[in-house]
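One letter stands for each residue in the lines below.
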Amino acid sequence: MSKKNNSVVAGKGYTGRASDYRMHEAKLYPNSLNDNDNYVDISNMIALTTIIEDIDTPFLEVTLNIVDATSLIETFTLNGGERIVIQLNRKAPSLTDTGEYDPNSDGVLEKWNLELYITEIRDLVRESNVKQYFTLVCTTIETYRNASRILDRAFKGSVADIIKTIITNDLSSTKSRIETDSVGTVSGIFPRIRPMQAIHWLSSSSFDNSTPFFFFATAKDGLTYRSYNSILNDEVHNSYEYSPYFKEQGDSGKSYFEQQKKIINISSPLNIGKAANIARGTYSSNVHVLDVSNKSYEQRQYSYSPEDMRKLNEFAPFNQPKDMPFDLNDQSGASSHFIAKNTGAYADADNISGPTGMPLLKAAAYKNNLEYMTQVININGDFNLSVGALVDLTVIRVGDAEYAKADEEVESNIMVDTLSSCKYMATRIVSTFDTEGFFQTVTVQSDSSAIKL
């Protein structure tokens, strides 16, 4: 049921549909089978696979909807903690060095290899004596290790290096992407907290060019620790278009890439406004720093400056309302941060609050402004897309769709929604695999505008 047959291009070994996939394997290793080499093939029992990635979540959430006609839970006494190994893949067409479809290539294998552990068995429904339905909720082994370990040791070094040690040693992660460009050296003692809690705690003092770090997990790269500054240096992963027509017809190599760029539908929570942003310090804030070692006190103010901020797009995400009786950039008292330092605690390093101050205010503004424009797009599945990727959106204006059917000049400013069409970062991806195909619901967010507001 879960195996999706690919639409193979005539004379080639690769698919012509961007929604095609194949569940190459799904092996369940029950605890009741003591031999580690023994497994149960559950690939034909999986009706729906859902994989969730989120920029604020350091683990994958994977659910497997099971159709069972063999009393699987009872037969193998499933009770949580069992290992499941899954490979999802497809053979896709290739591109030349110039980015064009390569009809002479044998294609490229795209895949996700997931080693999961069952965290919960739930939602059992039995409508007859023939079969039953239930859900396996799974995650990666790092989540189990996090739940079983407490950190209470001393630490010293750059924040990113300390976090790298936690990921590679305490969580024993074998699949990760960790960047170590944070500024400053800190010392301290972990106050009996779990590894992932420690990473979030340390991240509050970790900055790269005054931008925040993100700690998350992806199906493609595993545990990931990256700065926003680094992400902004990435190439755009793909350009997506919301328009009603296709240039290529049928399932071919050329149409595959067009399908990969097509937005099936799009929505937005909007949440456009300024009142809440003022209170959150999006445009202006201040920090109070007390050094308990020498009893010094310092207060500094931050104001958003478009020229001083790295942005996805050219222009600031707000303007000054003409009838508002105060300047948005001059309300630092609306949002305050309080930091206690102790410069005398260590001779050659700061305590955990040492690197904070102005970078803290600017990093908070980066995160807040990332919520300026949010779009939720549904697309054909892409094994190479992950949270943190940069994407371009081109959206046809409302009312121009009928003209677009006859006129393919989507790039024309007359037909493009210039407010919604800009560069975004993917912050949440829900990937689904079922009998209909491989699809993704992607939340993308932007910290700036492509047009002057």
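Look up: the structure comes first, before these words.
Residues numbered from 1 in each chain as written. Predicted model: local features only at pLDDT ≥ 70, side-chain atom pairs only at ≥ 80, totals over all residues. Heavy atoms only, no water.

1. A word on the environment of D97
Here comes step 1: Note on placement: D97 falls in the loop between β6 (94–95) and β7 (101–102).
Here comes step 2: For D97, a relative accessible area of 87% puts it in the exposed group.
Here comes step 3: Once the C-alpha coordinates of D97 and G157 are considered, the two residues, 60 residues apart in sequence, prove to be 42 Å apart. (Helix = DSSP H or I, 4+ residues; strand = E, 2+ residues; numbered from the N terminus. Buried < 20%, exposed > 50% of the residue type's maximum accessible area, 1.4 Å probe, protein only.)

2. Looking at the packing of helix α3 (residues 159–170) against helix α4 (residues 195–203)
Here comes step 1: Contact geometry for α3 and α4: axes closest at 10 Å, N-to-C directions at 170 degrees. Regarding the angle of α3 to α4, the classification is roughly antiparallel. Along its contact with α3, which presents V159, I162, I163, I166, I167 and D170, the element α4 presents P195, A198, I199, L202 and S203.
Here comes step 2: Grouping the amino acids of the contact of α3 with α4 by side-chain chemistry returns nine nonpolar, one polar and one charged. (Axes fitted to C-alpha atoms, helices over the stretch in contact; angles between N-to-C directions. Parallel < 35°, antiparallel > 145°, perpendicular 65-115°, else oblique. Contact = heavy atoms within 4.5 Å. Nonpolar A, V, L, I, M, F, W, Y, C, P; charged D, E, K, R; others polar.)

3. Details of the sheet that holds strand β19 (residues 296–303)
Here comes step 1: Here three strands make up an open sheet; going across it, the order is β19-β18-β20 and the pairing mixed. Each end of this open sheet is capped by a strand with a single partner; those strands are β19 and β20 (336–341). The mean angle between the axes of side-by-side strands here comes to 15 degrees, regardless of whether they run parallel or antiparallel.
Here comes step 2: Pairing of strand β18 (residues 284–291) with β19 involves eight bridges; the strand directions are antiparallel. Bridge pairing in β19 links S285 to Y302.
Here comes step 3: In the packing of helix α8 (residues 358–369) onto the sheet, contacts are made with β18, β19 and β20, and the angle to β19 comes to roughly 30 degrees. (Pairing = 2+ DSSP bridges.)

4. As for the pattern of salt bridges
Pairing of side chains with opposite charge becomes possible as their charged atoms draw close.
Here comes step 1: Evaluation of the coordinates by the stated rule reveals 16 salt bridges.
Here comes step 2: Two residues, D152 and R192, come together in a salt bridge whose shortest N-O distance is 3.4 Å. You can see D152 sitting in the loop between α2 (141–148) and β10 (154–158) and its partner R192 sitting in the loop between β12 (185–189) and α4, a full 40 residues away along the chain.
Here comes step 3: Since its relative accessible area comes to 46%, D152 is described here as partly exposed.
Here comes step 4: Among the ionic pairs, R153 bridges to D170, the shortest N-O distance being 2.6 Å. (Salt bridge = Lys/Arg side-chain N within 4 Å of Asp/Glu carboxyl O.)

5. Quick notes on α4
In an α-helix, one turn spans 3.6 residues; hence positions three or four apart end up facing the same way.
Here comes step 1: Listing the buried residues of α4 in full gives P195, M196, A198, I199, L202 and S203. Projected onto a plane normal to the axis of α4, the buried residues spread over an arc of 155 degrees and lie on a single side.
Here comes step 2: Summarising the contacts, the buried residues of α4 are in contact with α2, β10, α3, β14 (211–218) and β15 (222–227). (Arc of directions from axis to C-beta.)

6. What about the sheet that holds β14?
Here comes step 1: An order of β11-β15-β14-β13 is seen for the four strands of this open sheet, with the pairing classed as mixed. Either end of the sheet is taken by a strand with one partner, and the two such strands are β11 (176–178) and β13 (207–208).
Here comes step 2: Pairing geometry for β13 and β14, over two bridges, is antiparallel. What sits directly across from F207, in β14, is P212.

7. Considerations on the side chain of K262
Here comes step 1: Mapped onto the elements of the fold, K262 is located in the loop between α6 (253–261) and β17 (263–267).
Here comes step 2: At 3.2 Å, the side chain of K262 forms a polar contact with the side chain of S243.
Here comes step 3: When sequence neighbours within four positions are dropped, the list of residues in contact with K262 reads E241, S243, Y245, F246, N378 and I379. (Polar contact = N/O pair within 3.5 Å; in protein donor to acceptor, adjacent residues only side chain to side chain.)

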